[in-house]
Amino acid sequence: MASQWHSLVSQKIFLARNLLGQLEHSDTVPTKEALLQGSIELGLRARKLTLVMIARVYQHKHSQPDDLEALDELIGTHSPEMTELEQLASDGRSWWSHLEQLERHQGNPPVTRKTVSNENVIAVAADTGPDRSKQALETTLGAMKHFIDILEDRHSEW
């Protein structure tokens, strides 16, 4: 059963990477933005499906946890997967955290910027949001793929 879920998560990651690969060939800003946001959404879907995949590994055949807390209630904190996911969630540079930042960024309207004039110029760094570069997204997707491959190997039936 986990193998089917592994295939589904892998498919989402593959499609996200495919969209990123098309960034170089896109000519317009709206097309580039659509490819970026589409890739991010597929990555977010893959992350959510990873939680379902883990629930299925632990024989929760009809559960669809939306977050780590829901998964924790299903399988408990002593499982290796929960330990790994909690470590990823607490590490601000992990693929899990990067996707969390992207989800917050993509799920909110853009920050309103004040117009600049001589009267209101203050030397403060502006919040630019999470790294949405092709390289950062490819790194995140690659790390997620590595995680689910290890999970699949750990629980595959022989």
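In this text the structure is predicted, and so the values were computed from the model without any measurement. (Residues numbered from 1 in each chain as written. Predicted model: local features only at pLDDT ≥ 70, side-chain atom pairs only at ≥ 80, totals over all residues. Heavy atoms only, no water.)

Colleague: Explanation requested: the packing of helix α4 (residues 80-90) against helix α5 (residues 95-106) in the structure shown.
Modeller: Packed helix pairs are characterised by how far apart their axes lie and by the angle those axes make with each other. Taken N-terminus to C-terminus, the directions of α4 and α5 make an angle of 55°; their axes are 6 Å apart at the nearest point. Comparing the axis directions of α4 and α5 gives the class oblique. In this structure, the crossing between α4 and α5 has a hand that is right-handed. Residue-level inspection shows L85, L88 and A89 of α4 in contact with α5, the latter providing W95, W96 and S97. Looking at the contact of α4 with α5 residue by residue, the classes come out as 5 nonpolar, 1 polar and no charged. (Axes fitted to C-alpha atoms, helices over the stretch in contact; angles between N-to-C directions. Helix = DSSP H or I, 4+ residues; strand = E, 2+ residues; numbered from the N terminus. Parallel < 35°, antiparallel > 145°, perpendicular 65-115°, else oblique. Left-handed = near helix turned anticlockwise from the far one by under 90°. Contact = heavy atoms within 4.5 Å. Nonpolar A, V, L, I, M, F, W, Y, C, P; charged D, E, K, R; others polar.)

Colleague: What am I meant to see in the packing of helix α2 (residues 29-57) against helix α6 (residues 134-155) here?
Modeller: Between α2 and α6, the least distance of the axes is 11 Å, while the angle of their chain directions is 15°. In terms of orientation, α2 and α6 fall into the roughly parallel class. The handedness of the crossing between α2 and α6 is left-handed. Contacts between α2 and α6 involve L36, S39, I40, G43, A46, R47, T50, M53, I54 and V57 on the former and, on the latter, L137, L141, M144, F147, I148, L151, E152 and H155.

Colleague: Would you take a moment to explain the side chain of S10 for this structure?
Modeller: Within the element layout of this structure, S10 appears in helix α1 (residues 2-21). In this structure S10 comes out as buried when scored by relative accessible area, which is 14%. Of note is the side chain of S10, whose polar atom sits 3.0 Å from the side chain of K145. Aside from chain neighbours lying at most four places away, what touches S10 is K145 and I148. (Buried < 20%, exposed > 50% of the residue type's maximum accessible area, 1.4 Å probe, protein only. Polar contact = N/O pair within 3.5 Å; in protein donor to acceptor, adjacent residues only side chain to side chain.)

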